[in-house]
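Results of the structural survey
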Amino acid sequence: DQAGLPDATPPEFRAYKVMLACPTLHKLGQVLARHEELDGALRTTLQQLEYGIPTVSPEALTQSVTDALDDDFARYAVELDFTTLAEGSVATVVGCTWSRPGRKRRHPAVLKVLKPHIEARVREEPHILTDLTDYLDDRRYRYNVPMFEYRETLDTVRDLLVRETHLASEQIHLNTAGRFYAHRHQVCIPKRLPFSNRHVTAMEFVEGGKVTDPAARTDAARRELAERVLHSLISNVVFSRREITVFHADPHAGNLFATHDGRVAILDWALVGRLNKRQRELLAHMMWAGLTLDAKRLRRAMDALAIDVRDKTAARGVIRESIAQVKKGRIPGPTWMGELFDGLLGAGVKFPADLLLFRKSLFTIKGVVNDIDPDFSIDKEFLKAFAKVLLREAPKRLTTLPFSREFRTQLSNLDLIRAYVSSPSILARYATGYATS
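Residues numbered from 1 in each chain as written. Predicted model: local features only at pLDDT ≥ 70, side-chain atom pairs only at ≥ 80, totals over all residues. Heavy atoms only, no water.

Taking 1.5 Å per residue, 21 residues should reach 30 Å; helix H6 (residues 118-138) reaches 31 Å between its end C-alpha atoms and fits that length. Buried within H6 are the following residues: Ile118, Val122, Glu125, Pro126, Thr130, Thr133 and Asp137. (Helix = DSSP H or I, 4+ residues; strand = E, 2+ residues; numbered from the N terminus. Expected span 1.5 Å × (residues − 1). Buried < 20%, exposed > 50% of the residue type's maximum accessible area, 1.4 Å probe, protein only.)

Bringing the nonpolar core into the picture now. Judged by nonpolar contacts, the single largest core of 77 residues is most densely connected at Val229, Ile266, Met286, Leu344 and Phe351. Setting aside chain neighbours within four positions, we find Phe351 in contact with Met302, Leu305, Ala306, Ile307, Phe341, Leu344, Leu345 and Leu356. In terms of nonpolar packing, the next biggest core, distinct from the first, is built from 17 residues, Leu61, Ala109, Val113 and Ala202 among them. (Core = buried A, V, L, I, M, F, W, Y, C linked by side-chain atoms within 4.5 Å. Contact = heavy atoms within 4.5 Å.)

In this structure, Gly88 sits in the loop between strand E1 (79-87) and strand E2 (91-98). Of the residues examined, Gly88 reaches a relative accessible area of 19% and is grouped as buried. Along the sequence, Gly88 and Ala109 sit 21 residues apart, while their C-alpha atoms lie 18 Å from each other. If sequence neighbours within four positions are ignored, Gly88 has contacts with His26, Gln30 and Lys115.

This brings us to the side chain of Ser412. As for its position among the elements, Ser412 is in the loop between helix H16 (378-397) and helix H17 (413-421). The residues contacting Ser412, other than those within four sequence positions of it, are Arg397, Pro402, Phe403, Ser404 and Arg405.

Right under this line is the structure:
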């Protein structure tokens, strides 16, 4: 395919064509597509991967859908509509109309079906790329590439892609997300339809467009949309009293729609991560440690979250630098936290897969929000949301034991008391640049 392209083909389009042909790289392209540090032409080209140009012919897609639905294709009077057609890294989405058995009224819907032979390709492709990751791991010093676990990262990507081919699991995630967001009226989760099965996911049709589409929005409307994306994908996940929260692990712009009635629709729940309450408590401790310039507390939270800390000296250096950034004016919110995790990973700290997924989500969301409203500060708005939740918790805290963390902020009364008692020394740290070590 590359050889057949004209000699003058721009390099960003050549990269796009390679990514389009390889599920692993397709997923990578979706993650990077809105990274503000990429070349502008490359960013624009990679964004086509978010809701990619279909490569499966209508004839092949029709055959796949009819085979997947079997008797339900006729039972629900399904009629395909190829004007609503998009393609992701492992699946194709096609529009349709349908009706309940014995009813005349027809309803719009979308069907998600795996691309032909995708399961074999997802299994095969990482093995081909393994040689490259080993090459980078062995020669990182020679080529001055970043300290990073390339092989382990590829293994993680492979596992994530395999998960995406399990449509039955996606349908469970879709139901779970529907329950989680049921009382959040600014969020729309498409409903799973009765003719879904392990070969095809049938969902209600959501009318709208990508949140990053350059629609005629006012500055205020763009800011409001950015806030809704932030709160629906990050704040609602972190500020929860549930034992386990499920988060969307692939929130690129193709999976986030602005509906015509002003809601944010979160699509494609094939890839999710989970954070337990203890992990969310430790994340809150890290943010609180940043606010109070408490490197010792930050280090303890890191130790509790990590699977392994290979180089404690290097990890402490990363923590000191993160605290120093707060002293210089950085707000310890999601962006600061993501960069802290990047630094710790580079220092050889190993974290559970779901935390790495959460880091990936933060990276993707930052790029999406930046394209919605370049002036929007994720860290500042997240800190405002934290303050509002903390204020709403105040009445309940009056009747709660000091050590209890049964709050959405994950902070106990004792945490707040300690911060209050230590406030003079905290202010002194900000004034002098000193941080606890």
